[in-house]
Amino acid sequence: MEDFISDPIGDVGDRRSNPRSPIRSEIEEIGDRILALRSERRWKPPSPIRSEIEEIGDGGLVGEGEGEVAAYDLGPARRRERRGWEIPSMASLNNEGASFSSSTRRWKYAVFLSFRGEDTREGFTNHLYKALCGKGINTFIDNKLPRGEEISEELIQTIKNSSILVIIFSENYAESKWCLDELAEIIECGEKDKEVKIFPVFYNVDPSEIRNHKGNFGIALANHEKKFKNNKDKVQRWKDALRKATKVSGWHYKKGCAPYKFESDFIQNIVEEISNVRLNWTPLYVAKYPVGIKSRAKAIESLLDIGLDEFCVIGIHGLPGVGKTTIAKAIYNIIANRFDGSSFLENVGENLGTDAGIIKLQEQLLNDILRDGNWKVGNKFRGISLIEERLCCKKVFLILDDVDDSTRIENLLGKCNWFAPGSRAIITLRDRHLLTALKGNVCTTYKVKEFKVEQLNKHEAQQLFKKHAFLGKKPDEDYSRLATKFIDFANGLPLALEIIARDLCERAKDEWESTLEMYKKIPNKDIQKILRVSYDGLNDTEKDIFLDIACFFKGWYKDYVVKILNSCEIYPRSGIPRLVNKSLITVDRYGRLSMHDLIQQMGREVVRQQEPDILEKRSSLIFLKWPHYPFHWPSEYFPEQLVAIEMPHSRIRLPQLITQERRLENLKDVNLSGCEFITELPKLWAPNLERLKLVGCENLVKTTELGAPNLKYLSLSCCENLVKLTELGAPNLNYLDLSCCENLVKLTELGAPNLKRLYLTSCENLVEIDECFGSLEKLTIWGLACCTKLQILPSQLRLKSLDLFCLSGCSSLEKLPNFHPEMECLKTLELEGSGIREVPSSIEHLTKLKELKLDECKNLRDLPDSIYKLQQLREFYTPTAKLRPTCNFLDGSSGYGFVNMRFLNFEGYKGIIELDLLMKPDYFPALEMIVLNSTNIVTIPESISRFPRLQDLYASDCKLLREIQGLPKSRSWVDVENSMLLNTSPSGLFNQVIGIIGILPNRVCGRARSNKLMDLHFSNSLPSQTRAAEWVYFWGKSFDGFDRAITFKGTEMLKWCNHRSVDNSISFFVGRNFPKLVVCIVPGPEDFYGFVEISINGYENREYESIHLVDESIDLVGDPEDSEYFRRQYLFSLTQWSLLQRHLNESNPTDQNLVKVSIRYGTWSSIKMWGVHVECTCRPQEDDAVDYGYSIKGWGLKKQRTR
């Protein structure tokens, strides 16, 4: 997987060919370190190489030149000292630390033998092959492959599928072109694959002759150069391969010389070393699809600080099933080879629980690191002594998986002081608190760090799920949609994603849908088994706290929950931190309790298995939160301390819950929304009840007197069958919601004089409201929208506190009540779509009214003159144009006109042909927006430009609109879309904008881009009639630069630019004075990020401005021409004239100066086309044409079809 691609291996030859190179070979660096240590008088022979420099010439080490160490072999005498280190391979010399594989790699062969058959096939190589096979090492020898001019692809694949590549250099090895090709492939494989190991065997040959191309090797290479004089690269490849091979550590044998008396001893040594390499370097299985592991493993690797000479412990913790062990194995595969020895100990917590388990772990630790399978410790105390004694000089890497007791770790780590400096340990644990204990009791003088494994992000979760569910195939849209639901359900938990995906693999879509519902109700046993391990490790009180949070308190504030649970005597102040440390719950930065959905499901499943009597066992509960409770209320369950019940969509019946015999004195909050068994609202024997929520109780038919003197909140919305609401007897009720009670016909006295909010929205059959509701002095909000049959309201409204009154859509209501003078608090009156025939003159009493909506009131013909006294009015929606008050209705203190009005809407009023108010800008000094959409207005007069604050003008779908004589000075948005008669007008929107910019009319010039392909597309694609600008958006108060752009929709701009292009640059000529320049862009569908660069007379490009165009998602639907050719266009005025003029002056100007304008942008953006309008000095010609079939993608480097 792409998440696991490792960094490429550097070229060995490049790193070693020059001894003075800054990047020197590891062998040279080791030598430097040894000399430095000696000089400090604290030198000890390092176990991997001992003192190679001291022993040059001792028969085991081979080199040429002073201080040069090219290859070495310590011989059998030092085998015991060598057990703690790894033989460096080609990969390890060039890349410190191998990458982990995506899973345990399946090698076809353990060892591949490369040799010269004529020299060694029947002797040394044959004996070595048999010895390896005798050890059970699967070894390849090419006895049967056919020979040819070139080595076969089959042999190359065999090399790539072998983990250890052994090159047997013999006297005539280089004479064989086949052998040299094979060697080159081996070296290349070692450089590319970090897991491959290469070992040379120098059999009766001197490595220096091979490296320096002397002796027989030099003669053979000279012959090859003559033979391949026309293919020098081939011979050079062989030479490089020979040189690189000699720089890798291996084995040297020379007959009759120490340290090997017999050839058989030499072979036995090779076999043992290869056996140890294989044993130590078999990678751990990570995962079939290890998505997201690389980034987390790398983060932990960084925490380890491997370069530092001190002991360091990392504790990995996180949710159950989040992948702690998997990540630890991945890290092991990455860095284990950097240490003298390594060990991965599984199930440590379980094994440390018994002496036998401790002994088992101690023996594994010794055998893994010392690589001798014969260690037996007898008892744990002897094991402690052996570990401390035998491993004290070893730099080790340990992973202790699933630790649950910090004190017992001392049987394996001591006080973290048993190993050599630079050792590292990783501990995976379910309880984060163990790290604190580890710091205090075990690693008292060494670093202990922690790493929390987070859940997979959305992208990682999708990747992992789809690989398991679809086996690498691309799913269709339906499967993808279903997959997203499962991914959301698993919420980033790798364990759940993998189990669920494997369960769904190759199953039909209908099975997927059914399985999803099943998982929501019936937990998967495999997932639950893993998640429950942490729960089972809790004590009884911690279990109670966890179950209470899972069932009731998820999302509640921790401090509040602590107060509640304290009264239950289950000690939440100590229990909640324990649950956090075990990753069963979390506390967010706001102090709220949370947990993974699947862990919550596990907790609820534990409760479900305890059957309905779980409630009776919790008689001390204060809060009961259990949505979808599947049982009826237990007959004997009445916890006296109960404060709140939240059990929506349950099987509860209210008469069972609340009886006179068992008064719930402390009950304050009840939510039983959606409970289908509730048919009536009885008297409540809960004197302190404050909130009652019965939303969507579809079978609720009637209510009675509640007997709840402290009830403040009552919601009965969507109780579709509620027919009659009797007097509630709730004197303190201030919130009542009866929205969508479709069968409610009349609202009578409720006995709730302190109501503040009353919602009756969409009570479709409500006809009459009692007179008493007209005098609720504390009512602030009254919603009656969409009560389509409402006819009768109180005759007068004396609602002193009313702030919002909504009667929108009350189409049967023809008469409004009178407004009492005391209703001065009303700010919003919404009457749109109602059936009213007149507005009462008493509206003048609404002196603080800010918003009045009368649009779509089809029966309303006129407005009372008193409406002009509403001097605080800011927004006015009206179906009439009568806004011409006489001075009789204005007093001297109020000023003249609607002095505070910001928004005026006449949309849909067909009676408007000429709007007189547009001729009186002083009448609306604060007006910012006028909406004239779908009116019959013919001309927008020049006087509109004199409205001092007017920014937005909407006149779309005005079929008779012919002329725009001016635009507002403070313009921001002008919309005349679908007002088609403007096409024929010289005073259309586009010309108004061009006048604002102040550039000369259209002029096409000689250098404008033109070719037949563009002409063809232009003529075929554009409509026969140019389409006028339909809307324009000014991005600022003035058009003075790139931060003041203009957005167009229409085609006039396309013709207006006198230079257009589908490439990323445009060129033209200017004189000695740089003229005004406007850049126009027609972007693709994405957001656009880019830069404008300008070069003058060939001088370097200079970046002038950056462009950031955000797609405002303005729909272009309907005619496909709209989406392709009438998309938005952006104009930018490049007004840094002084800077441009200065750069022109610096470019050795003449009368004709070449200017090149370029647009540069990222691969995520595209341009349909672009152009510039400039007062250039190019020779005029006929109009240019543009290829609209192309878009520019990327950094202006490609043209790409958009059709």
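Cut-offs applied
Residues numbered from 1 in each chain as written. Predicted model: local features only at pLDDT ≥ 70, side-chain atom pairs only at ≥ 80, totals over all residues. Heavy atoms only, no water. Helix = DSSP H or I, 4+ residues; strand = E, 2+ residues; numbered from the N terminus. Buried < 20%, exposed > 50% of the residue type's maximum accessible area, 1.4 Å probe, protein only. Contact = heavy atoms within 4.5 Å. Salt bridge = Lys/Arg side-chain N within 4 Å of Asp/Glu carboxyl O. Expected span 1.5 Å × (residues − 1). Pairing = 2+ DSSP bridges. Right-handed = clockwise from strand over helix to strand, strands pointing away. Patch = residues over 30% accessible without salt bridge, like charges linked within 9 Å, V, L, I, M, F, W, Y side chains within 5 Å. Areas by Shrake-Rupley, 256 points an atom, 1.4 Å probe, with all protein chains shown as cover. Lys, Arg positive; Asp, Glu negative; His and termini not counted. Charge placed at Lys NZ, Arg CZ, Asp CG, Glu CD. pLDDT = per-residue confidence, 0-100. Axes fitted to C-alpha atoms, helices over the stretch in contact; angles between N-to-C directions. Parallel < 35°, antiparallel > 145°, perpendicular 65-115°, else oblique. Left-handed = near helix turned anticlockwise from the far one by under 90°. Nonpolar A, V, L, I, M, F, W, Y, C, P; charged D, E, K, R; others polar. Phe/Tyr/Trp six-rings, centres within 6.5 Å; stacked < 30°, edge-to-face > 60°. Core = buried A, V, L, I, M, F, W, Y, C linked by side-chain atoms within 4.5 Å. Arc of directions from axis to C-beta.

Broken down by element type, the protein carries 34 helices and 50 strands. Per-residue burial over the protein gives 53% buried out of 1203 residues. For the protein, restricting intrachain contacts to residue pairs at least 6 apart in sequence, the fraction spanning at least 24 positions comes to 62%.

So, about the pattern of salt bridges. Counting across every chain of the model gives 43 salt bridges. Here Arg 243 ties to Asp 240 by a salt bridge, and the two come within 3.3 Å at their closest N and O atoms. On the criterion of helical spacing, the pair formed by Arg 243 and Asp 240 is a turn pair, its members being three residues apart in helix H11 (residues 232–246). Between Arg 1142 and Glu 1146 there is a salt bridge, and its shortest N-O distance comes to 3.8 Å. Classification of Arg 1142 as partly exposed rests on a relative accessible area of 48%. Through salt bridges with shared partners, one network takes in Glu 185, Glu 188, Lys 192 and Arg 237.

Moving on to helix H28 (residues 597–609). Across its 13 residues, H28 extends 18 Å between first and last C-alpha, which sits within 8% of the 18 Å expected from 1.5 Å per residue. Taken residue by residue, H28 has Leu 598, Ile 599, Gln 600, Gln 601, Met 602, Gly 603, Glu 605, Val 606 and Val 607 as its buried positions. Among the structural elements, helix H21 (477–490), helix H22 (494–504), helix H23 (509–521), helix H24 (525–536) and helix H25 (540–553) are those in contact with the buried residues of H28.

So, about the pairing of strand E6 (residues 197–203). Across the seven residues of E6, seven count as buried, placing the element largely inside the fold. Of the two faces of E6, the one holding Lys 197, Phe 199, Val 201 and Tyr 203 and the one holding Ile 198, Pro 200 and Phe 202 are both buried throughout. Pairing geometry for strand E5 (residues 162–169) and E6, over six bridges, is parallel. Across the sheet, Leu 165 pairs through a bridge with Ile 198, a residue of E6. Remark: the E5/helix H8 (residues 177–192)/E6 crossover connection has right-handed handedness. Here E6 runs beside strand E7 (residues 251–253); their pairing, made up of three bridges, is parallel.

Attention shifts here to a positive patch on the surface. A cluster of basic side chains, namely Lys 668, Lys 712, Lys 756 and Lys 778, defines a positive patch on the protein surface. Take Lys 712: its relative accessible area is 39%, and that puts it in the partly exposed class.

All right, on to the confidence of the model for the protein then. Residues with a pLDDT of 70 or more make up 73% of the protein, whose mean pLDDT is 76. Long-range and interchain partners of residues 885–895, a stretch whose pLDDT sits below 50, account for 11 contacts in this model, where long-range means more than four residues apart. Predicted confidence is poor over residues 1036–1044, with pLDDT under 50, and the contacts of this stretch with residues over four places away or in other chains come to 26 contacts.

Another aspect to go through is the packing of helix H20 (residues 458–470) against H22. Following both chains from N to C, one finds H20 and H22 inclined at 30 degrees, their axes separated by 7 Å at the closest point. Comparing their axes, H22 and H20 come out roughly parallel. Here H20 runs over H22; the crossing is right-handed. Contacts from Ala 461, Leu 464, Phe 465, His 468 and Ala 469 of H20 reach H22 at Pro 494, Leu 497, Glu 498, Ile 500, Ala 501, Arg 502 and Leu 504. Across the contact of H20 with H22, the residue classes tally to nine nonpolar, one polar and two charged.

Once that is clear, we can look at the sheet that holds strand E11 (residues 424–429). Reading across from one edge, E9-E10-E11-E8-E12 is the order of the five strands in this open sheet, with parallel pairing throughout. Bordering the open sheet on either side are strand E9 (341–345) and strand E12 (447–453), each of which pairs with just one other strand. Ignoring which end each strand starts from, the neighbouring axes of this sheet average 15 degrees apart. Contacts from helix H13 (residues 293–304) reach strand E8 (312–318), E11 and E12 within the one sheet, and its direction differs from that of E12 by about 170 degrees.

All right, on to the packing of H24 against H28 then. A pair of packed helices can be characterised by two numbers: the angle between their axes and the separation between those axes. Closest axis-to-axis distance for the H24/H28 pair is 10 Å, and the angle between their directions is 85 degrees. Here H28 runs roughly perpendicular to H24, going by the angle between their axes. Across from Ile 527, Gln 528, Leu 531, Arg 532 and Tyr 535 in H24, the residues of H28 making contact are Leu 598, Ile 599, Gln 601, Met 602, Glu 605, Val 606 and Gln 609. Here the residues of the contact of H24 with H28 sort into seven nonpolar, three polar and two charged.

A few words on the packing of aromatic side chains. Applying the stated rule across the entire model yields 34 aromatic pairs. Here the aromatic rings of Phe 486 and Trp 512 are separated by 5.7 Å at their centres, their planes lie at 85 degrees, and the arrangement is edge-to-face. Residue Phe 486 is located in helix H21, and its partner Trp 512 is located in helix H23; the two are separated by 26 residues in the primary sequence. Here Trp 512 falls in the buried class, since its relative accessible area comes to 1%.

Our focus in this paragraph is the nonpolar core. Generally speaking, nonpolar side chains in soluble globular proteins are found buried as a group. Counting residues in each nonpolar core, the largest one holds 189 residues, and the members touching the most others are Phe 465, Phe 546, Leu 747, Trp 782 and Leu 784. The leading source of residues in this core is H25, at eight residues. If we ignore the near neighbours within four places in the chain, the residues touching Trp 782 are Leu 758, Leu 760, Ile 769, Phe 773, Pro 794, Leu 797, Leu 799, Leu 802, Leu 804, Phe 805 and Cys 806.

Topologically, Gly 751 is positioned in the loop between strand E23 (746–747) and strand E24 (757–759). Residue classification places Gly 751 among the buried residues on the basis of a relative accessible area of 15%. Along the primary structure Gly 751 and Glu 727 are separated by 24 residues, whereas in three dimensions their C-alpha atoms are 5.5 Å apart. With near-sequence residues (within four places) excluded, Gly 751 lies in contact with Glu 727, Gly 729, Ala 730 and Pro 731.

As a further point, take the environment of Asp 368. When you line up the elements, Asp 368 lands in helix H16 (residues 355–370). Separated by 27 residues in the primary sequence, Asp 368 and Gly 341 have C-alpha atoms spaced 7.2 Å apart. Among all residues touching Asp 368, those that are not within four sequence positions of it are Ser 342, Ser 343 and Phe 344.

What follows deals with H23. With 13 residues, H23 ought to run about 18 Å at 1.5 Å a step, and its terminal C-alpha atoms sit 19 Å apart, in line with that. Within the sequence span of H23, burial applies to Trp 512, Thr 515, Leu 516 and Tyr 519. Looking straight down H23, one finds its buried side chains confined to an arc of 105 degrees; they lie on one side. The exposed residues of H23 that point more than 90 degrees off its buried face are Asp 510 and Lys 521.

This part takes up a nonpolar patch on the surface. On the surface, Tyr 557, Tyr 560 and Tyr 590 cluster together into a nonpolar patch covering about 370 Å² of accessible area. Mapped onto the elements of the fold, Tyr 557 is located in the loop between H25 and helix H26 (558–566).

With that settled, the discussion passes to a negative patch on the surface. A cluster of acidic side chains, namely Glu 676, Glu 698, Glu 720, Glu 742 and Glu 764, defines a negative patch on the protein surface. Here Glu 676 is to be found in the loop between strand E17 (669–671) and strand E18 (680–681).

With seven of its eight residues buried, strand E10 (residues 396–403) lies for the most part within the structure. Looking at chain direction, E9 and E10 are connected through five bridges and run parallel. Pairing of Gly 341 across the sheet is with Val 396, part of E10.

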